[in-house]
Amino acid sequence: MNGKWYTVGKIVNTHGIRGDVKVLPQTDFAEERFAPGGKLLMVNEENGESREIKIISSREQKNVYLLKLDGFNNINEVEKYKGWLLKISESEQGELEEGQYYYHQIIGCAVVTEEGEELGVIAEILSPGANDVWVVDRPKSKGKQLLLPVIDEVVLDVNVTDKRVTVRLMEGLI
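In this report, we go over the structure that sits alongside the text. (Residues numbered from 1 in each chain as written. Predicted model: local features only at pLDDT ≥ 70, side-chain atom pairs only at ≥ 80, totals over all residues. Heavy atoms only, no water.)

## Some words on the packing of aromatic side chains
For the structure shown, the criterion picks out three aromatic pairs. On the numbers, 5.6 Å between centres and 85 degrees between planes, the contact of Phe 72 with Tyr 81 is edge-to-face. When sorted by exposure, Phe 72 lands in the same class as Tyr 81, which is buried. Judged by centre distance (4.7 Å) and plane angle (85 degrees), the rings of Tyr 81 and Trp 84 are edge-to-face. What links up through ring pairs into an aromatic cluster is the set Phe 72, Tyr 81 and Trp 84. (Phe/Tyr/Trp six-rings, centres within 6.5 Å; stacked < 30°, edge-to-face > 60°. Buried < 20%, exposed > 50% of the residue type's maximum accessible area, 1.4 Å probe, protein only.)

## Regarding the sheet that holds strand S3 (residues 39-43)
Spatial strand order, S1-S2-S5-S4-S3-S6: six strands in a closed barrel with antiparallel pairing. Within the sheet, the average angular offset between the axes of one strand and its neighbour, ignoring direction, is 50 degrees. By the bridge criterion, six bridges tie strand S4 (residues 50-61) to strand S5 (residues 64-69) in an arrangement that is antiparallel. The residue bridging Ser 57 from the neighbouring strand is Lys 68, located in S5. (Pairing = 2+ DSSP bridges. Helix = DSSP H or I, 4+ residues; strand = E, 2+ residues; numbered from the N terminus. Axes fitted to C-alpha atoms, helices over the stretch in contact; angles between N-to-C directions.)

## Comments concerning the side chain of Thr 166
Note on placement: Thr 166 falls in strand S12 (residues 164-167). Note on Thr 166: relative accessible area 18%, which makes it buried. Those residues in contact with Thr 166 that sit more than four places away from it in its chain are Val 112, Thr 113, Glu 114, Val 154, Val 155, Leu 156 and Asp 157. (Contact = heavy atoms within 4.5 Å.)

## Topic: the pattern of salt bridges
It is possible for side chains of opposite charge to pair when their charged atoms get near one another. Counting across every chain of the model gives six salt bridges. The shortest N-O distance in the salt bridge between Glu 118 and Arg 164 comes to 3.8 Å. Residue Glu 118 is located in strand S8 (residues 118-126), and its partner Arg 164 is located in strand S12; the two are separated by 46 residues in the primary sequence. According to the relative accessible area criterion, Arg 164 is partly exposed, its value standing at 34%. (Salt bridge = Lys/Arg side-chain N within 4 Å of Asp/Glu carboxyl O.)

No statement about biological role is implied by the geometric values presented.
The following block contains the structure:
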């Protein structure tokens, strides 16, 4: 595993008896990442074991993807991969349009208001519907989290180089 690898999903379960797996996507580009013909790396984070896989077929069902993987035709062959992560190499990441970011570029960014007040650090990204929501850990407010809707009125500037996001707090956010 040379170079940087990024997680795009996690195998959460088997599906049926023919070796299909259920994958919880962890990417903005799930349709693209799990498209038939795509190659991914399955990784066991605990022991570092990895295996390259090729996707034969894919369909979305209730926020998970059901994948048929090349060479796996039986539930017993995929059972041991539950909990493994699916990753792509940095070179396989497509070019993004302006204003688009990968999860790994956003998580860990410091969040400041346009007045310069430090609010906290982005801990995770939720995708509940129309727009993503960035969850900001706020150490100064005793464990309370701030949920930032990712909309133009709130997110003023994203600087992935400096890991800094500038926001305008709308009434009711804090």
